[in-house]
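Each chain is listed here by its residues.
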Number of protein chains: 2
Amino acid sequence: MAVKKLKRGVALVGAGMTSFGTFPGLNTRDLFVQAFQEMRASVDKGFDPKDIEALVIGNYSSTMFEGQNFMGPYVADAVGLTPIPASRVECACASSGLALRQAIMTIGSGLADVVLVGGLEKESDLPIARVTDVLATASDSVYENPAGFTFPGLYALLATAYMHRYGATPETFMKIAIKNHENGVLNPKAQFGARIADIMASKQKSAAKRGKPVPQWDSELDFLKDDQANPAIAWPMRLFDCSPVSDGAVALLLVAEEIASSFTDKPLHIIGYGQGSDVPTYERESLTSIKAARVAAEQAYATAGVKPQDIKVCEVHDCFTIAELIAIEDLGFFKPGEGHKAIAEGLTSRLGPRPINSSGGLKSKGHPVGATGAGQVVEVFKQMRGEAGPRQVPGDLNLGLTHNLGGSGMAAIVHIFERRQ
Amino acid sequence: MAVKKLKRGVALVGAGMTSFGTFPGLNTRDLFVQAFQEMRASVDKGFDPKDIEALVIGNYSSTMFEGQNFMGPYVADAVGLTPIPASRVECACASSGLALRQAIMTIGSGLADVVLVGGLEKESDLPIARVTDVLATASDSVYENPAGFTFPGLYALLATAYMHRYGATPETFMKIAIKNHENGVLNPKAQFGARIADIMASKQKSAAKRGKPVPQWDSELDFLKDDQANPAIAWPMRLFDCSPVSDGAVALLLVAEEIASSFTDKPLHIIGYGQGSDVPTYERESLTSIKAARVAAEQAYATAGVKPQDIKVCEVHDCFTIAELIAIEDLGFFKPGEGHKAIAEGLTSRLGPRPINSSGGLKSKGHPVGATGAGQVVEVFKQMRGEAGPRQVPGDLNLGLTHNLGGSGMAAIVHIFERRQ
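Just so it is clear, the structure is predicted and the values come from calculations on it, not from any experiment.

**Overview of the overall build of chain A**
Check the secondary structure of chain A and you find 14 helices and 11 strands. Computed over the C-alpha atoms, the radius of gyration of chain A is 20 Å, within 12% of the 22 Å expected from 2.2 N^0.38 for a compact globule of 421 residues. Burial status across chain A gives 63% buried among its 421 residues. Of all intrachain contacts in chain A linking residues separated by at least 6 positions in sequence, the fraction that spans at least 24 positions is 76%.

Here it is, written out as structure tokens:
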């Protein structure tokens, strides 16, 4: 399949998000209003919301989480944008990666010059077991779901396949969690912005307070290997290998490249874009790589005309720690089977040569599924503009990448951003 | 808001659909495979499915109807199209109108030359009361749904407002139902392809068979006014004012205009396109017109450079009979308040000067909500190419229009098609 380029360039000129966490009493519309206001404030030269010509939102399942389907016009109404076209797309956990892509096509096709992108999910109104059920409707209702698979189980399948093929150990996954919590502690929007060491200390303090025996651990790894402190959810995926149940919303502003300078002097040009699909897990040739992501990455690099080694900052979809490991190989940062060694050597830490998930990733920042893909873009926006504060990745970050997965990897969406000033 | 045109033309070269009805034992994927095969056969010069570069499907809520969210890749897999981009859009009952629009933008932006559009819904696995609940998740979960509104109630609100303002009577609505059943009887794919007169006769026969008193009616109108035979669902909307619960799937093939002639000598050029949104019913200035539809129609006429009177064949979204009445005014075929007179005079019948819903409309053909918008396109495709068999609208049908509503009219999508040979 030949790789095709947009007829017209598109730039990102604004980005805002709520904190990710659990917000009783607020619905997705309330959350989106917050994200929209922050996005407005991020547009350096300001703009009139009346100039927005279309809205595309990504939302996985407000239908089941809140009893509200058809979210496009409700969100448009919440920020006063009717009667513009207001569309919802759904691609499991890649829903707002897809919203970004559809918005790019809206501008690329000539139908609009200014498009608002939303990502939103409100999961925490349901009991947690019901949340897992709702998420499981993204797995195959014919063969996977009835066999008892939920997403921890599906990713555990990939993890055991990877361990078997390449000799990785559960320690590899734990090191990813430790690294992402290290980053998340520097992110004020993160749901679990605490080091694993802090969580250990807090558990010890709480035991002492209750007059119970105080558990002792030698290290963060020692803590994560403790079956009590970090129980298996679906072996080898333990509690701290899983991203949390989250609420959150994100807003991004995209404009046609030729008008970007009237919004900001620091636009990010969206130069690479790719989307792939794949069959369910039970039909795949390999479980140690995600084909949809390889296809999406290949298209993104080809459209951008850059190579993996050119990318300076990168957010990947670590819904489970194994997903981050596979992602850094699928994106071509490390060869197949080499990713786990890179992690062991700390190459993917924020100050290392290949920083991954400076935001804390889905693991620490949170994973309100429909908001996640757009949330990754907020981090790349801040990092590439040098506005990431204490978690700023050093260097001239002229190229950034986001990698957003749907379900067990039946969909993947990759974008590459360039800052030219 | 200035009306903007596509950077690149798009043509429709193939269209296929399942019958609409209830199909126990088949899921949406099974139905889509049928529609896909019929679409393939409709492409005069043939094509290789490997040339399809993207899939966009419209689906309202397989999530709740079948426990399957994230339908894009599952549908792609069902017809062997992975790893191409496979996206789902949702816009309530305008979901596949939106899928068509997104596919147009995909080609218009340059990212693909050949795009498959799907529309699909499988409603009948749930008990009918649950189906109504699932549909009601498109109404406002904050103010409408908790107040007891379901869609018959919301459209009854529009109907009473119209009656009050313009002096229409429930007979107007009944005449729409009679006309659409007249058309549907000629459509082999229709769920209720029977004249109202046939339904009357069948009820009489059945009563006689059971030894019960045989009910007598003077006319179809007399039958429809009988509270027993045609009970109120939400006055003035009675049973025969409501479209049914349906299953069905549709497939359309779109290509870049410059390659259309390698698929068919009779492409339909998509020259007009519009999408609008609106606030919920309780915030509207008027209930006798649907603003989103007026906005969408205005854009579609402006992009196409044609006027309402130029349109030769037209499918409108008659989820309830009142919706057809409002549609023919919103589309500019009749002035506000004049539509009910046109209906009384028979102007919208298949052989009249302004034929509406030659397919039988949602009322008689069926309304599998996510498939409906694309299903309207199948009718226009057949009519404009002179392939509609016994229900063929006479004349040179060079311009056709589809009008697809979401929810209570919080979204509307309009497309205009042109045949140049």
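**Quick word on unusual backbone geometry**
The linkage connecting Thr82 of chain A with the following residue, Pro83 of chain A, adopts the cis geometry, with an omega of 10 degrees. Structurally, the position occupied by Pro83 of chain A is in the loop between α3 (71-78) and β3 (86-90). Across the junction of Trp235 of chain B and Pro236 of chain B, the peptide omega takes the value 5 degrees, indicating a cis bond. In this structure, Pro236 of chain B sits in the loop between β5 (232-234) and β6 (237-238). Positive phi, normally seen in glycine, also occurs at Ala92 of chain A, with a value near 50 degrees. Tracing the chain through its elements places Ala92 of chain A in the loop between β3 and α4 (95-108).

**Notes on the relation of the copies chain A and chain B**
Rotating chain A by 180 degrees and moving it 0.0 Å along the rotation axis overlays it on chain B with an RMSD of 0.0 Å. Taken together, the rotation and translation describe the operation of a two-fold axis. When you check the interface residues of chain A against chain B, 100% turn up at the interface there too, and the contact is symmetric in its surfaces.

**Remarks on the interface of chain A and chain B**
At the junction of the two partners, chain A supplies 58 residues and chain B supplies 58 residues. Secondary structure elements with two or more residues in the side of chain A that touches chain B: α2 (62-66), α3, β3, α4, β8 (268-277) and α10 (291-304) of chain A. Looking at the side of chain A that touches chain B residue by residue, the class counts come to 25 nonpolar, 21 polar and 12 charged. Note that β3 of chain A and strand β3 (residues 86-90) of chain B share three bridges and pair antiparallel. From the neighbouring strand, Arg88 of chain A faces β3 of chain B, where its bridge partner is Glu90 of chain B.

**Examining the nonpolar core**
Membership of the largest hydrophobic core comes to 272 residues, with the highest contact counts inside it found for Leu252 and Leu254 of chain A together with Leu252 and Leu254 of chain B. Those residues in contact with Leu254 of chain A that lie beyond four places of it in its chain are Val10, Ala11, Leu12, Ala103, Ile104, Ile107, Val115 and Val117 of chain A.

**A look at the packing of α4 of chain A against helix α14 (residues 369-384) of chain A**
Residue and element names in this part refer to chain A. It is the contact of α4 with α14, at a shortest axis distance of 5 Å, that shows an interaxial angle of 55 degrees. Overall, the two elements α4 and α14 adopt an arrangement that is oblique. Between α4 and α14, the contacting residues are Ser95, Ser96, Gly97, Ala99 and Leu100 on the first element and Val369, Gly370, Ala371, Thr372, Gly373, Ala374 and Val377 on the second. Per-class residue counts for the contact of α4 with α14 are six nonpolar, six polar and no charged.

**Observations regarding the pairing of strand β1 (residues 10-17) of chain B**
Residues and elements named next belong to chain B. Among the eight residues in β1, eight count as buried, and that is most of the element. In the sheet, β1 pairs with strand β8 (residues 268-277) via two bridges, with the strands oriented antiparallel. Among the inter-strand pairings, Leu12 is bridged to a residue of β8, identified as Leu268.

**Digging into the pairing of β8 of chain B**
Residue and element names in this part refer to chain B. When you tally the buried positions in β8, you get nine out of 10 residues, the bulk of the element. As paired strands, β8 and strand β11 (residues 411-419) are joined by nine bridges and run antiparallel to one another. The residue of β11 that forms the bridge with Gln275 is Ile413.

How each quantity is defined
Residues numbered from 1 in each chain as written. Chains lettered and ligands numbered in written order. Predicted model: local features only at pLDDT ≥ 70, side-chain atom pairs only at ≥ 80, totals over all residues. Helix = DSSP H or I, 4+ residues; strand = E, 2+ residues; numbered from the N terminus. Rg over C-alpha atoms; globule rule 2.2 N^0.38 Å. Buried ≥ 20, exposed ≤ 12 C-beta atoms within 10 Å, placed from the backbone. Contact = placed C-beta atoms within 7 Å. Least-squares fit on C-alpha atoms with pLDDT ≥ 70 in both. Nonpolar A, V, L, I, M, F, W, Y, C, P; charged D, E, K, R; others polar. Pairing = 2+ DSSP bridges. Core = buried A, V, L, I, M, F, W, Y, C linked by C-beta atoms within 7 Å. Axes fitted to C-alpha atoms, helices over the stretch in contact; angles between N-to-C directions. Parallel < 35°, antiparallel > 145°, perpendicular 65-115°, else oblique.

These values are about where atoms sit, not about what they do.
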